[in-house]
Amino acid sequence: SQKESYHRIFIHLILLLVTLIWSFNNIIFKTVFASMSAPMFNLLRLGIAFPFMIYLAFFSHHHVQYHKKDLFFLTLLGLGGFGVFQIFFPIGIDL
């Protein structure tokens, strides 16, 4: 149907946009690091993203349900996987 066709085009445009944004990520990091340290930039970046993540995780109508017993493992996964990446990736780019 025509609605499916528009939806498929929309999805492909979103994927293209994500690819373009990610492709400029390293360039933006290198440019910003000329005037700001890697930890300070990461603090700014995560400080801006934090309120949106809290909203999406807890207040959005489409948030994923989880059990309280899973909270420890979700926290561990977040700190170990995403957290370590967020600390070391900007430092590696700054070298």
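Residues numbered from 1 in each chain as written. Predicted model: local features only at pLDDT ≥ 70, side-chain atom pairs only at ≥ 80, totals over all residues. Heavy atoms only, no water.

1. Examining the packing of aromatic side chains
The geometry of two aromatic rings is summed up by the distance between their centres and the angle between their planes. Put simply, the rule is: Between 30 and 60 degrees the pair is tilted, below 30 it is stacked and above 60 it is edge-to-face, where a pair is any two Phe, Tyr or Trp rings, Trp via its six-membered ring, whose centres lie within 6.5 Å. A simple rule labels every residue: compare its accessible area, found with a 1.4 Å probe on the protein chains alone, to the largest value its type can have, and call it buried under 20%, exposed over 50%, or partly exposed in between.
Counted according to the given criterion, the structure contains four aromatic pairs. Aromatic pair Phe-29 and Phe-33: ring centres 5.7 Å apart, planes at 75°, arrangement edge-to-face. A relative accessible area of 2% places Phe-29 in the buried class. Residue Phe-33 is classed as buried on the basis of its relative accessible area of 11%.

2. Focus on the nonpolar core
Threshold: Residues belong to a common nonpolar core when they are buried Ala, Val, Leu, Ile, Met, Phe, Trp, Tyr or Cys residues joined through side-chain atoms within 4.5 Å. Note on definitions: a residue-residue contact is assigned when non-hydrogen atoms from the two residues lie within 4.5 Å.
Core analysis: the largest hydrophobic core is formed by five residues, namely Phe-29, Phe-33, Ala-38, Phe-41 and Ile-93. With sequence-adjacent residues up to four places away left out, Phe-29 is seen in contact with Phe-41, Arg-45, Phe-89, Pro-90 and Ile-93.

3. Things to note about the environment of Val-18
Operational definition: Comment: elements are numbered from the N terminus, with helices defined as DSSP H or I runs of at least four residues and strands as E runs of at least two.
Looking at where Val-18 falls in the secondary structure, it is placed in helix α1 (residues 2-23). Using a relative accessible area of 40% as the deciding quantity, one classes Val-18 as partly exposed. Here the alpha-carbon distance between Val-18 and Asp-94, two residues 76 residues apart in the chain, equals 23 Å.

4. Topic: the packing of helix α2 (residues 25-32) against helix α4 (residues 71-94)
As a reminder of what qualifies: Lines are fitted to the C-alpha atoms to define the axes, a helix being fitted only along its stretch in contact, and any angle between axes, read from their N-to-C directions, falls within 0 to 180 degrees. When describing relative orientation, an angle under 35 degrees is termed roughly parallel and one over 145 degrees roughly antiparallel, while 65 to 115 degrees is termed roughly perpendicular and anything else oblique. The sense of a crossing depends on the near helix, which, turned anticlockwise from the far helix by less than a right angle, makes the crossing left-handed and, turned clockwise, makes it right-handed. Gly is put with the polar residues, along with every residue not named as nonpolar or charged; the nonpolar set is Ala, Val, Leu, Ile, Met, Phe, Trp, Tyr, Cys and Pro, and the charged set is Asp, Glu, Lys and Arg.
At a closest axis distance of 9 Å, the pairing of α2 and α4 adopts a crossing angle of 70°. With respect to α4, the element α2 is oriented roughly perpendicular. Seen from above, α2 lies across α4 with right-handed handedness. Residue-level contacts link Asn-25, Asn-26, Phe-29 and Lys-30 of α2 to Phe-89, Pro-90 and Ile-93 of α4. Class assignment for the residues of the contact of α2 with α4 results in four nonpolar, two polar and one charged.

5. So, a nonpolar patch on the surface
We apply this condition: A patch consists of residues whose relative accessible area exceeds 30% and which take part in no salt bridge; residues with like charges are grouped when within 9 Å of each other, and nonpolar side chains (Val, Leu, Ile, Met, Phe, Trp, Tyr) when within 5 Å. Accessible surface is estimated by sampling points in the Shrake-Rupley manner with a 1.4 Å probe; for residues, cover comes only from the protein chains shown. Within this document, salt bridges are pairs made up of a side-chain nitrogen of Lys or Arg and a carboxyl oxygen of Asp or Glu, the two lying within 4 Å of each other.
Where nonpolar side chains cluster on the molecular surface, the patch consists of Leu-44, Ile-48, Phe-52, Met-53, Tyr-55, Leu-56, Phe-58, Phe-59, Tyr-66, Leu-71 and Leu-74 and spans about 1,200 Å² of accessible area. Elements represented by at least two residues in the nonpolar patch include exactly α3 (38-59) and α4. Positionally, Phe-59 belongs in helix α3. For Phe-59, a relative accessible area of 57% gives the class exposed.

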